[in-house]
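A structural walkthrough
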Amino acid sequence: MGRNDDSKFHGEPEGWRTGPEWRRRERRWWAGPVAGLVTVVVAVLAVRPELLTDRLSGGDAGPPPAEVLPAETERPTAPPPREALPDRPTLDDPFAGSPAREWADNADGIEMPEPEAVGVISAERMAEALDLAREFLVATNLDPEVIAGEVPEEGLAILDPTADVDEYVDRALSDPSREYDAASLFSRFHADHATLLGDVVKVRGRTEVTEGEDGSATLHLDYTFVYPLVAADGSEEVTRTIVRRTIDLQVLDPARWQITPGTLWPGEWRVDRGNDDCAVTDGFLNPLFDSQLWEQPPPSGEERDPYDRSEEVAESEECGLVSRI
């Protein structure tokens, strides 16, 4: 599913062009973590039942703190390995059994490359652009107030206003739908449904810089955010939602394009959502907790690993099943 913005721009000086259209594409195939985990648990019980016995009897005081992985500098060749036992998140250990345990915390997981001149874009302007891109990711995916349901006004202001993203956001907030969905642009949860557990979101990804045909630069942002969540109904149920976003932000040549200084131009925008209720489109991410899973209709799409960063995000309208959370 995607949106091509066909808005026309008027009043630009002769010989200038407004920035290229931006496109939003999303995959929202994850309905809930049931069958994949059940299958794995059965396999573990058949091979090493003592693993589950140790877990249920208390075992030790918990795993030691994990060492943080080095920053991702290129596309992985395979998904991260699985734990021998697919541990579930708990109030005391929200990243139990998740490969994100070894990922960096919050904004520490957003590292930008060293700024260099690209085409007609100077190194100084690239440094500014990379700083803006990082600010944008933090504001739209890691700001505690946004995660708790607010709109990232300052983050969205980093995008060139002539790109008409504001028009999309206004409609996504006032009349959310599958086509106009604020959660496809930024990560937030409804406080009546789920709240962030603790103050850590795990983050992993990278930014790649390429030169366009006209000498402009494109920042390809590709980051996965893992949100540990507790149910807001007082049940203390815990789950995780995994969101992978790829966004192209363009640094355009002002000699060729009519742009707003101090902003970036949005290009293609894609998102994968792991453990987000496909039946609900209200502008929020809607994680499914264990007690809700039996009420869900069977998914139509395939089972996928939301931690797999080895392939690009592809277009799809399927609602499938996460193999783990």
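These lines cover the structure that appears in this document, whether it is placed above or below. (Residues numbered from 1 in each chain as written. Predicted model: local features only at pLDDT ≥ 70, side-chain atom pairs only at ≥ 80, totals over all residues. Heavy atoms only, no water.)

A few words on the packing of aromatic side chains. Here the structure, examined in full by the defined rule, presents five aromatic pairs. When the centroid spacing of 5.4 Å and the interplanar angle of 65° are considered together, the rings of Phe189 and Tyr227 count as edge-to-face. A residue pair is termed long-range when its members are at least 10 positions apart, and Phe189 in the loop between α6 (165–174) and β5 (194–196) and Tyr227 in strand β7 (residues 217–231) qualify at 38 residues. The pair formed by Phe189 and Tyr227 is uniform in burial state, with each residue classed as buried. One aromatic cluster is present, formed by Phe189, Phe225 and Tyr227 through successive ring pairs. Directly above the ring of Phe284 sits Arg188, whose terminal nitrogen or CZ lies 3.9 Å from the centroid. When the ring centre of Phe95 is taken as reference, the NZ or CZ atom of Lys202 above it lies at 5.6 Å. (Phe/Tyr/Trp six-rings, centres within 6.5 Å; stacked < 30°, edge-to-face > 60°. Helix = DSSP H or I, 4+ residues; strand = E, 2+ residues; numbered from the N terminus. Buried < 20%, exposed > 50% of the residue type's maximum accessible area, 1.4 Å probe, protein only. Lys NZ or Arg CZ within 6 Å of the ring centre and 35° of its normal.)

Among the 10 residues that make up strand β10 (residues 265–274), 10 are buried, leaving the element largely enclosed by the rest of the structure. Here strand β8 (residues 238–251) runs beside β10; their pairing, made up of eight bridges, is antiparallel. The residue bridging Val243 from the neighbouring strand is Arg273, located in β10. (Pairing = 2+ DSSP bridges.)

Quick look at the side chain of Asp276 now. Mapped onto the elements of the fold, Asp276 is located in the loop between β10 and α7 (290–293). On the accessibility criterion, Asp276 (0% relative accessible area) is buried. One polar contact links the side chain of Asp276 to the main-chain amide nitrogen of Asn286, over a distance of 2.7 Å. (Polar contact = N/O pair within 3.5 Å; in protein donor to acceptor, adjacent residues only side chain to side chain.)

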